[in-house]
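# Reading the structure
One letter stands for each residue in the lines below.
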Amino acid sequence: MAASHPTLVKPPPVDESKAHIENALELTELSIIGPDLFTNTRELWHPPGARGLYGGCIIAQTLAAAQRTVPPNFTVHSYHCFFVLAGDSSVPILYHVERVREGRSFCTRTVQARQKGHAIFTVTCSFTRDGSGGAQAVSHAAPMPAGVPEPPEDYEEPTLVGTEKSPFEHFKCARDDADEAPETRKIWQWVRARGNISEEGGHQAHLSALAYMSDSYFIATVSRIHRLWRFPFRPEEMKHVEPEVREHLDKLHGVDGSMEELRGRPRVGMMVSLDHSIYFHNPKKVRADEWMFTEMESPWAGDGRGVVMQRIFSRDGTLLATAIQEGVVRLKQDEKKKEQAAKL
């Protein structure tokens, strides 16, 4: 069997002058093959133990590819994508950008991500010319919630020994709302890219990084507000989990309840994203290597799906972006009931 090749071209050495997330999201232009065609420069990161690709990788790289085809005075304001097929981190991705419209105030791009000849992801995004809204404009913005606990100055998210650090980190905030109805509960966390994003990357690198992080734990909001068992093993298998792994998982997810507290809860059977939208409100103010606060909630879940919403704020309270996602959220079904139904 042929060895897998996660990139089409041999990756260059890691650029130490750039943040981890910049290297992770680097694109290679394939102009020798065709116009507006790109591929991932490096193997795409995915969380330890995860199957397939982390969706944020493709979200960020499709945005990065589209950004490279618009004039420098145009900035993304709207991004709408669909996850079509599961991606494979061991196979290169081709990004095909189509220049749909070139207007004086807006331009539109579609990007299709393909692996092995099949579309795995498609997006339409819109860019607006800087300052095209005029000197006088209607303006308002939702405020950042009051009383949000901030990350400690020396905080660094724990990484499981023997695994690669992710390109970004979280600080999750505990909330005293476990007894509230799921549709009224909120998930609070801070996110930032590790290291410092280079000046060379410009605001485009910060926007790609925000897009990358916007998918983190997003559809999992449904499992968190319902306090579901979402670990990759059954509750009765906890005693076989290595102590350092269990300690790490409890550190990561403890604000939502320890594994011991969740062991009697319904179990997640399947949880995957279907689509993802981002509205960029203040794109030039995004500093993705500084802490950004996110508030996530879910107005609805049913019929094996859930909808989640997210507001992303800078540390000074500026509303940077709003994201919305729908995903599959299915529970493990009761085996006895399934057997009885089969007999009927």
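Just so it is clear, the structure is predicted and the values come from calculations on it, not from any experiment. (Residues numbered from 1 in each chain as written. Predicted model: local features only at pLDDT ≥ 70, side-chain atom pairs only at ≥ 80, totals over all residues. Heavy atoms only, no water.)

### A word on the pattern of salt bridges
Keep this limit in mind: Whenever Lys or Arg places a side-chain nitrogen within 4 Å of a carboxyl oxygen from Asp or Glu, that contact is recorded as a salt bridge. For the purposes of this entry, the term helix denotes a DSSP run of H or I that reaches at least four residues, the term strand denotes a run of E that reaches at least two, and both are numbered from the N terminus. Using a 1.4 Å probe on the protein chains alone, a residue whose accessible area is under 20% of its type maximum counts as buried, one over 50% counts as exposed, and one in between counts as partly exposed.
The full count for this structure, using the stated rule, is 16 salt bridges. When the shortest N-O distance is used, the salt bridge between Glu169 and Arg194 registers 3.5 Å. Remark: Arg194 occurs in the loop between strand E8 (187-193) and helix H3 (202-213) and Glu169 occurs in strand E7 (residues 168-173); sequence separation between them is 25 residues. The pair Glu169 / Arg194 is uniform in exposure class, with both members buried. Across the pair Glu326 and Arg305 runs a salt bridge whose closest N-O atoms are separated by 2.8 Å.

### Concerning a nonpolar patch on the surface
Under the convention used in this document: Here the term patch refers to residues with relative accessible area over 30% and no salt bridge, with like charges joined within 9 Å and nonpolar side chains (Val, Leu, Ile, Met, Phe, Trp, Tyr) within 5 Å. Only the protein chains shown count as cover for residues, and the accessible areas themselves come from Shrake-Rupley with a 1.4 Å probe.
Judged by side-chain polarity, Phe82, Val84 and Leu85 come together as a nonpolar surface patch covering roughly 290 Å² of accessible area. With respect to the helices, strands and loops of the structure, Leu85 is situated in the loop between strand E3 (74-83) and strand E4 (94-102). Under the relative-accessibility criterion, Leu85 is labelled partly exposed at 46%.

### Quick notes on unusual backbone geometry
Unusually for a residue other than glycine, Lys116 sits at a positive phi of about 55°. Among the secondary structure elements, Lys116 is positioned in the loop between strand E5 (106-115) and strand E6 (118-129). Non-glycine residue Arg227 carries a positive phi angle of around 50°. Positionally, Arg227 belongs in the loop between helix H4 (220-225) and helix H5 (243-253). Of the residues examined, Arg227 reaches a relative accessible area of 22% and is grouped as partly exposed.

### Let's talk about the sheet that holds E7
Note on sheets: strands pair through backbone hydrogen bonds, and any given pair is parallel or antiparallel. So the rule is basically this: Paired strands are those between which DSSP finds at least two bridges. Axis definition: a line fitted to C-alpha atoms, over the contacting stretch in the case of helices. Angles run 0 to 180 degrees between N-to-C directions.
If you trace the twelve strands from one edge of the open sheet to the other, you get E1-E2-E4-E5-E6-E3-E9-E12-E11-E10-E8-E7, paired in antiparallel fashion. Where the open sheet ends on each side, the last strands, each with one partner, are strand E1 (27-29) and E7. Looking at each pair of strands side by side, their axes are set apart by 25° on average, direction ignored. When E7 meets E8, the two strands line up antiparallel, connected through six bridges. By the bridge assignment for E8, His170 is matched with Val191.

### Overview of the side chain of Ser273
Filter applied, for reference: Within 3.5 Å is the distance limit for a polar contact, defined as a pair of N or O atoms, with the added protein rule that one can donate a hydrogen and the other accept it, and that residues adjacent in sequence qualify only through two side-chain atoms. Two residues qualify as a contact provided that any one of their heavy atoms is within 4.5 Å of a heavy atom in the partner residue.
Within the fold, Ser273 resides in strand E9 (residues 268-280). A relative accessible area of 18% places Ser273 in the buried class. Side-chain polar atoms of Ser273 contact the side chain of Gln325, separated by 3.0 Å. Not counting residues up to four positions away in its chain, the partners in contact with Ser273 are Phe83, Asp215, Ile219, Gln325, Glu326 and Gly327.

### Let's talk about the packing of helix H2 (residues 55-67) against H3
What describes two packed helices is the angle between their axes and the distance between those same axes. Just so we agree on the cut-off: Convention used here: angles under 35 degrees read as roughly parallel, angles over 145 as roughly antiparallel, angles from 65 to 115 as roughly perpendicular, and any remaining angle as oblique. Should the near helix be turned anticlockwise from the far one by less than a right angle, the crossing is termed left-handed; should it be turned clockwise, right-handed.
Axis separation between H2 and H3 bottoms out at 7 Å; the angle between their running directions is 155°. Put simply, H2 runs roughly antiparallel to H3. H2 and H3 meet at a crossing whose hand is right-handed. Each of Gly56, Cys57, Ile59, Ala60, Leu63, Ala64 and Gln67 in H2 lies in contact with H3, whose residues at this interface are Gln204, Leu207, Ser208, Ala211 and Tyr212.

### What to know about the nonpolar core
Let me state the cut-off plainly: Side-chain atoms within 4.5 Å link the members of a nonpolar core, which is a set of buried Ala, Val, Leu, Ile, Met, Phe, Trp, Tyr and Cys residues.
Within the largest apolar cluster, 62 residues are counted, with the highest numbers of intra-cluster contacts made by Tyr79, Tyr95, Phe121, Phe127, Tyr212 and Met292. The biggest single contributor to this core is H2, with eight residues. Excluding residues within four positions of it along the chain, Tyr79 makes contact with Ile58, Ile59, Thr62, Leu63, Phe121, Val123, Thr124, Cys125, His276, Ser277, Ile278 and Phe280. The next biggest cluster of nonpolar side chains, apart from the first, holds ten residues, and it includes Met144, Cys173, Trp188 and Leu319.

### Focus on the state of the cysteines
Condition: In what follows, a disulfide is any cysteine sulfur pair within 2.5 Å.
For the structure shown, the criterion picks out zero disulfides. The thiol of Cys81 is not disulfide-bonded; the next cysteine sulfur, from Cys125, is found 9.7 Å away.

### Some thoughts on the packing of aromatic side chains
Our working rule: Two aromatic rings from Phe, Tyr or Trp, using only the six-membered ring of Trp, form a pair when their centres are within 6.5 Å; if the ring planes differ by under 30 degrees the pair is stacked, by over 60 it is edge-to-face, and anything between is tilted. In this analysis the charged atom, NZ for Lys or CZ for Arg, is taken to sit over a ring once it is within 6 Å of the ring centre and within 35 degrees of the ring normal.
Within the structure shown, the criterion is met by nine aromatic pairs. Taken together, a centroid distance of 5.2 Å and an interplanar angle of 70° make the contact between Tyr54 and Tyr212 edge-to-face. Of this pair, Tyr54 sits in the loop between strand E2 (37-40) and H2 while Tyr212 is found in helix H3, placing the two residues 158 residues apart along the sequence. Side by side, Tyr54 and Tyr212 carry an identical accessibility label, which is buried. Directly above the aromatic system of Tyr217 lies the positively charged group of Lys172, at a separation of 3.7 Å from the ring centroid. Directly above the ring of Trp190 sits Arg315, whose terminal nitrogen or CZ lies 5.8 Å from the centroid.

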